[in-house]
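Observations on chain architecture
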Amino acid sequence: MGQKKRSKTVLLKRILVFTVLGLVIVIIGLALYMWNLSTVIDKRFSARRWSMPSRVYSDSMLLYPGQTVNLKLFYEKLSHLEYRDVSREPEMKGEIYRKGSVLDIYLHDLKTPSKQREGFPVRIVFSDNQIVSIERMDTNQQVPILELEPEEIMLFFGRERERRQLVSINQVPVYLIYAVLAAEDSRFYQHHGVDPRGILRALYTNIRHGGVRQGGSTLTQQLAKNYFLTPERTLRRKFKEFLMAMTMELMYDKNAIFEIYLNEIYFGQKGSIAIHGVGEASYYYFGKPVQGLSLAEAVTIAGLIKSPNHYSPYINPERCKQRRNTILHEIYKNEWITKEERDFALASPVKSVGYTAYGKKAPYFIDYLAGQLPIFYSPEDLASLGLSIYTTIDTQVQMAAERALERGLARLEKANSALRRLEPDKKLQGAVIVMQPKTGYILAMAGGRDYSVSQFNRITQARRQPGSAFKPFVYLTGLSEFTPSSLLSNKPKMYEVAGKLWQPQNTNPVAENGLRLRTALATSDNLATVDLAMKVGLKSIVNTALTFRFSIPMAPLPSLTLGAFEVIPLELARAFCTFAADGVQPYPLSMKAVVDEKGLILEQRHLKIESLISPGEAYIMNSLLRSVVTDGTARSLARRGITFPVAGKTGTTNGYRDAWFVGYTPDILALVWVGFDNGDSVYAEGAVAALPIWAELMKALPRYTSGSWFRKPPDVVTRIICSQSGQLAVKNRCPEPLEEIFLKKNVPTKYCPLHH
Amino acid sequence: MLIFWIAVSGCAVFIPSPEDTPTMRIEEQLSPGKQAEPREIASLQLTKQGRMLLENGKVDEAITVLEQALNIHPSNGRNYYYLSEAWLMKNNSLQAKEWNHQAEMYLSDDKYWLKKVLDQKAKIRKQFK
């Protein structure tokens, strides 16, 4: 009996020892595992916590009294800037109220690399398309110049495609904190990561209702799940979640954990983009920063956490409101708000601001910009560092360019069935670039007809023959010896080129044997141009091309003068800018500044200019190219509604493979190219295929077409000449005298020999 | 405390917003007898701000504002003058010369400004001899 009792005791002792040993091993194992988890958590929390996509912005827009605007494009821009129409005076940032010719706007805050400004209400009065006055509605002060914030045109997303705006817990209104706690974890500040009471309560509720009504997860558990773990529902994953939550609570204080939670939590979709964090959610749903949320709005946002797409005000406002009101009652029950506050919030309607789905704007420009950025930033940096990249793009000009191009190409296809193609990637193509010639700002870039079909950028990557669009550079070279009134030969001539004979032809027959230089360029006469080139010297023309930074090498052959070699369209546009900028060539500018997420300027680009030709030479070229528009191959611009002074040049290549028009004023330059990628014929000259697109574009941009002309520089003089001899006119003898301009160094000194 | 104040004030750059309207100096008023275009008036507002920024030593910010002014009104000769000043302050003789050359062209009719431009030209020559 005693022996039995002793062996029982020994057995019990052994069981006890093994149990204790087992427990110790489990505890040590758990501790080691939690220590390992803490390393993972620490690594993630101390390094960059989130990938913040970098954002690309357009240029800001300046408005001033007396300015003419395209109202349709202007209102579209306001819509893209997330301004919303209201039917009363604007009370909040982002609201606009239109009443006849008066527009009241409550401006958003302005944030650019070098300035920040709080939003304020302003009244703009229009008369037709012209701004009459701009006045602050809060102070009644006249505003001489108003800056509208830059427009976000693209985000560099990583794979996650998430949007967020980080906030610190100090920025978050206290009732948003109450709302989140009431909605998700009211005992957050009492438990240590896992809340057994919460679990039991949830269990009880779910059993009572016969289904899952309540989760027992704490905020910390939710954070562990979203931040570190995969979403599968297994016991193993749940256990890991418990341990991770407890580890986080040991490592960090409650406010730090809550802050991460507020910036991490998912709040729904904006198209294909996920909205994360209360900072982004407050903008997405209410168009304001988190600090500006009312109690009702804050509780609405908190209510979304449980199931954002189910409770979204954009999907079901009534369900959203019910969820909001449930949480309001909870907050009141916890005595975190007063009865009056609760009742006021309960009575408030759910008023979300609406949104524009994310879409990439100016895609060819973005690609061009992105091509420059890898010098400084890798794709991973762009997708994660939350940089702000400010560009020169004017979104209204961009929209006008894309529309003019698409409509112009469609018109050509409709008019000529030979231009129609079934396969989208074989269709008639075109490209447009718009620049401010003095500053080099790229205002718009459409590198093709449809980016979704072809991402090949025909402005920056294509190599096409410019045809007659190159002739201005031949004539510029000739200004060293010749003048606008010099006579050039229009007689057919044979030239020897590398042992072979070459005889240029005119596209259309021209009766005269001799043409004045001005007329020869205006009518794009081939024979006269080659005559000029051979007299000036082909090597000189090659040097001119090099001076103007055409990068593709050119050979000194006679066909050079007719543009029978390739150029990159961007380089052609830049070269023409030199004429429009009084002889100074700007550097084409697309990126103005890069700013990090703290607002520190990392990169800044300023205008760089270089004098290539004298102001006098530029002025004469502008005058000659104006004759192209008034009397020459581009004269159809007038009947297309272009009534302001313009200089320009058409271009057509052999077989009509390329059609060009480059046109400019002191304020704006645009180049249009039309052609097929495979070199098929367009069956139309530049004046027919490209010029109409240019005209439609320019008519949509009254802001840039002031009607001014270039200033005559001191080294240009005016004389009266005989139109037949090109020499100084003899008074009362020459039958057709006319005014002509000359460089001072080249003024004719001889009088007309024909009528002397 | 002083160092902290200097550091913080350096970060909080005051850049006048276009909506601010600093007082015009005599040389910033339009040339007598000249009919002002709206964009010229607007551009001159920004020129003023650029001038103020230069006087405060905020060169990069000044260049940004003056470039905005140029975009509105490319014929505003005073912009070129101040851009030249800005590049002088950045010790870039090439750009200072280019902008001065442009200023000379656009301000050749205005005696007061032409003198300033020629003085600036001499200053550039002297600084980069």
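Everything numeric in this text was worked out from a predicted model, so none of it was measured.

As for helix α6 (residues 111-127) of chain B
Side chains of residues three or four places apart in an α-helix project in the same direction, reflecting 3.6 residues per turn. Residue and element names in this part refer to chain B. For α6, spanning 17 residues, the distance from its first C-alpha to its last is 24 Å, which sits close to the expected 24 Å at 1.5 Å a residue. Among all positions in α6, only Trp 113, Val 117, Gln 120 and Ile 124 are buried. Viewed along the axis of α6, the buried residues span an arc of 60°, placing them on a single side of the element. Among the exposed residues of α6, those pointing more than 90 degrees away from its buried face are Lys 111, Lys 115, Arg 125 and Lys 126. In this structure, the buried residues of α6 make contact with α4 (77-89) and α5 (93-106). In this structure Asp 110 caps α6, since a side-chain oxygen of it lies 3.1 Å from the backbone nitrogen of Tyr 112.

Here's the deal with the nonpolar core
Residues and elements named next belong to chain A. Counting 159 residues, the largest nonpolar core has Phe 470, Phe 550, Leu 572, Phe 579, Val 674 and Leu 697 as the members making the most contacts within it. Excluding its chain neighbours within four sequence positions, the residues that come into contact with Phe 470 are Ile 541, Ala 545, Phe 550, Met 554, Leu 560, Gly 563 and Phe 565. Met 34, Ile 177, Tyr 227 and Val 299 belong to the second largest nonpolar core, which has 52 residues in total.

Topic: a nonpolar patch on the surface
Residue and element names in this part refer to chain A. Taken together, Leu 16, Val 20, Val 24, Ile 28 and Leu 32 make up a surface patch of nonpolar side chains, about 460 Å² in accessible area. Along the chain, Val 24 turns up in helix α1 (residues 2-46). Judged by its relative accessible area of 39%, Val 24 falls in the partly exposed class.

Topic: the pairing of strand β16 (residues 429-435) of chain A
Residues and elements named next belong to chain A. In terms of burial, β16 is largely enclosed, as 7 of its 7 residues are buried. The side-chain alternation of β16 yields two buried faces, one formed by Gln 429, Ala 431, Ile 433 and Met 435 and the other by Gly 430, Val 432 and Val 434. Strand direction decides the pairing type here: β16 and strand β28 (residues 669-675), joined by 7 bridges, are antiparallel. Following the sheet pairing, Val 434 is matched in β28 by Ala 670. Of the strand pairs in this sheet, β16 and strand β17 (residues 442-446) are connected by 4 bridges, and their pairing is antiparallel.

A few points about the sheet that holds strand β27 (residues 658-664) of chain A
Residue and element names in this part refer to chain A. Within the open sheet, the 5 strands sit side by side as β17-β16-β28-β27-β26. Their pairing is antiparallel. Only two strands of the sheet have a single partner each, and these edge strands are β17 and β26 (647-652). Across the sheet, the mean angle separating the axes of adjacent strands is 5° when strand polarity is ignored. Contacting β16, β17 and β28, helix α15 (residues 395-415) crosses the sheet at an angle of about 35° to β17. Docked against the sheet, helix α23 (residues 691-699) engages β16, β27 and β28, running at close to 145° with respect to β28.

Quick word on the interface of chain B and chain A
When the parts of a complex come together, some accessible area is lost, and that lost area is often used as the size of the interface. Taken together, the contact pairs 32 residues of chain B with 36 residues of chain A. A buried area of about 3,300 Å², summed over both sides, lies between chain B and chain A, and 58% of it is on carbon and sulfur atoms. Put simply, chain B and chain A have 15 residue pairs in polar contact (both at pLDDT 80 or more) between them. Taken together, the elements giving at least two residues each to the side of chain B that touches chain A come down to α2 (38-55), α3 (59-72), α4 and α5 of chain B. For the side of chain B that touches chain A, the element with the most residues is α3(B), which contributes 9 residues. Tallied by class, residues from the side of chain B that touches chain A come to 15 nonpolar, 10 polar and 7 charged.

Digging into the state of the cysteines
A complete count under the given rule lists 0 disulfides over all chains for this structure. As a non-bridged cysteine, A:Cys734 has A:Cys752 as the owner of its nearest cysteine sulfur, 3.8 Å distant.

Quick word on the environment of A:Leu521
All names here are of chain A. Of note, Leu 521 is situated in helix α17 (residues 517-522). Given a relative accessible area of 0%, Leu 521 falls into the buried group. The spatial distance from the C-alpha of Leu 521 to the C-alpha of Leu 304 is 68 Å, given a sequence separation of 217 residues. With residues near it in sequence (within four places) discarded, Leu 521 still touches Lys 471, Pro 472, Tyr 475, Met 621, Leu 624, Leu 625, Val 628 and Lys 649.

Here we look at α4(B)
All names here are of chain B. Relative to the 18 Å expected for 13 residues at 1.5 Å per residue, α4 spans 19 Å between its end C-alpha atoms, a close match to the ideal helical length. Buried residues dominate α4, accounting for 12 of its 13 residues. Listing the buried residues of α4 in full gives Gly 77, Arg 78, Asn 79, Tyr 80, Tyr 81, Tyr 82, Leu 83, Ser 84, Glu 85, Ala 86, Trp 87 and Leu 88. At its buried positions, α4 is contacted by α2, α3, α5 and α6. Capping of α4 at its N-terminal end is provided by Asn 76; its side-chain oxygen lies 3.1 Å from the backbone amide nitrogen of Arg 78. Just beyond α4, the residue with positive phi is Asn 91, at close to 60°.

Some points on the pairing of β17(A)
With 5 of 5 residues buried, β17(A) is to be regarded as a mostly interior element. In this antiparallel pair of consecutive strands, β16(A) and β17(A), the connection spans 6 residues, and A:Gly440 shows a positive phi of 80°.

Section: the environment of B:Ala103
Residue and element names in this part refer to chain B. Checked against the element boundaries, Ala 103 lands in helix α5. Judged by its relative accessible area of 0%, Ala 103 is buried. Between the C-alpha atoms of Ala 103 and Tyr 80, which are 23 residues apart in sequence, the distance is 4.9 Å. Setting aside its immediate chain neighbours within four residues, Ala 103 contacts Gly 77, Tyr 80, Tyr 81 and Val 117.

Comments concerning the packing of aromatic side chains
All names here are of chain A. Scanning the entire structure with this criterion turns up 31 aromatic pairs over all chains. Measuring from ring centre to ring centre gives 5.4 Å for Phe 473 and Phe 579, while their planes differ by 25°; the resulting arrangement is stacked. Of this pair, Phe 473 sits in helix α16 (residues 471-478) while Phe 579 sits in helix α20 (residues 569-580); the two residues are 106 residues apart in sequence, bridging distant segments of the chain. There is no split in this pair, since Phe 473 and Phe 579 are both buried. Put simply, the rings of Phe 470, Phe 473, Phe 548, Phe 550, Phe 565, Phe 576 and Phe 579 touch in pairs and so form one group of aromatic residues. Above the face of the Phe 188 ring, Lys 254 is positioned so that its terminal group lies 4.4 Å from the ring centre.

Overview of the sheet that holds strand β8 (residues 121-127) of chain A
Residue and element names in this part refer to chain A. With respect to topology, 5 strands assemble into an open sheet ordered β3-β4-β5-β8-β9, the strand pairing being mixed. In the strand order of this sheet, the two ends are held by β3 (84-85) and β9 (130-136), each with one partner. Of the strand pairs in this sheet, β8 and β9 are connected by 6 bridges, and their pairing is antiparallel. In the strand pairing of β9, Val 122 is matched with Arg 136. Sheet strands in contact with helix α2 (residues 71-80) are β3, β4 (95-99), β5 (102-106) and β8, and its direction is about 20° off that of β5.

Digging into the side chain of A:Asp525
Residues and elements named next belong to chain A. Take Asp 525: it is sitting in the loop between α17 and α18 (526-536). Notably, Asp 525 is buried but unbridged: the nearest opposite-charge side chain belongs to Lys 471, and the N-O separation is 7.1 Å. Within the structure, Asp 525 has its side chain in polar contact with the side chain of Asn 506 (distance 3.1 Å). A polar atom in the side chain of Asp 525 sits 3.2 Å from the backbone nitrogen of Leu 527. Look past the residues within four positions of Asp 525 in its chain and what remains in contact with it is Lys 471, Tyr 475, Asn 490, Asn 506, Val 510, Leu 515 and Ala 520.

Some thoughts on unusual backbone geometry
Residues and elements named next belong to chain A. Unlike most non-glycine residues, Asn 140 shows phi in positive territory, near 60°. Looking at where Asn 140 falls in the secondary structure, it is placed in the loop between β9 and β10 (146-148). With a phi close to 60°, Glu 335 is a non-glycine residue in the positive phi region. Counting through the fold element by element, Glu 335 comes out in the loop between α11 (317-333) and α12 (339-347). Judged by relative accessible area, which is 69%, Glu 335 ranks as exposed.

Basis of the calculations
Residues numbered from 1 in each chain as written. Chains lettered and ligands numbered in written order. Predicted model: local features only at pLDDT ≥ 70, side-chain atom pairs only at ≥ 80, totals over all residues. Heavy atoms only, no water. Helix = DSSP H or I, 4+ residues; strand = E, 2+ residues; numbered from the N terminus. Expected span 1.5 Å × (residues − 1). Buried < 20%, exposed > 50% of the residue type's maximum accessible area, 1.4 Å probe, protein only. Arc of directions from axis to C-beta. Contact = heavy atoms within 4.5 Å. Polar contact = N/O pair within 3.5 Å; in protein donor to acceptor, adjacent residues only side chain to side chain. Core = buried A, V, L, I, M, F, W, Y, C linked by side-chain atoms within 4.5 Å. Patch = residues over 30% accessible without salt bridge, like charges linked within 9 Å, V, L, I, M, F, W, Y side chains within 5 Å. Areas by Shrake-Rupley, 256 points an atom, 1.4 Å probe, with all protein chains shown as cover. Salt bridge = Lys/Arg side-chain N within 4 Å of Asp/Glu carboxyl O. Pairing = 2+ DSSP bridges. Axes fitted to C-alpha atoms, helices over the stretch in contact; angles between N-to-C directions. Buried area = accessible area lost by both parts, 1.4 Å probe. Nonpolar A, V, L, I, M, F, W, Y, C, P; charged D, E, K, R; others polar. Disulfide = S-S within 2.5 Å. Phe/Tyr/Trp six-rings, centres within 6.5 Å; stacked < 30°, edge-to-face > 60°. Lys NZ or Arg CZ within 6 Å of the ring centre and 35° of its normal. Lys, Arg positive; Asp, Glu negative; His and termini not counted.

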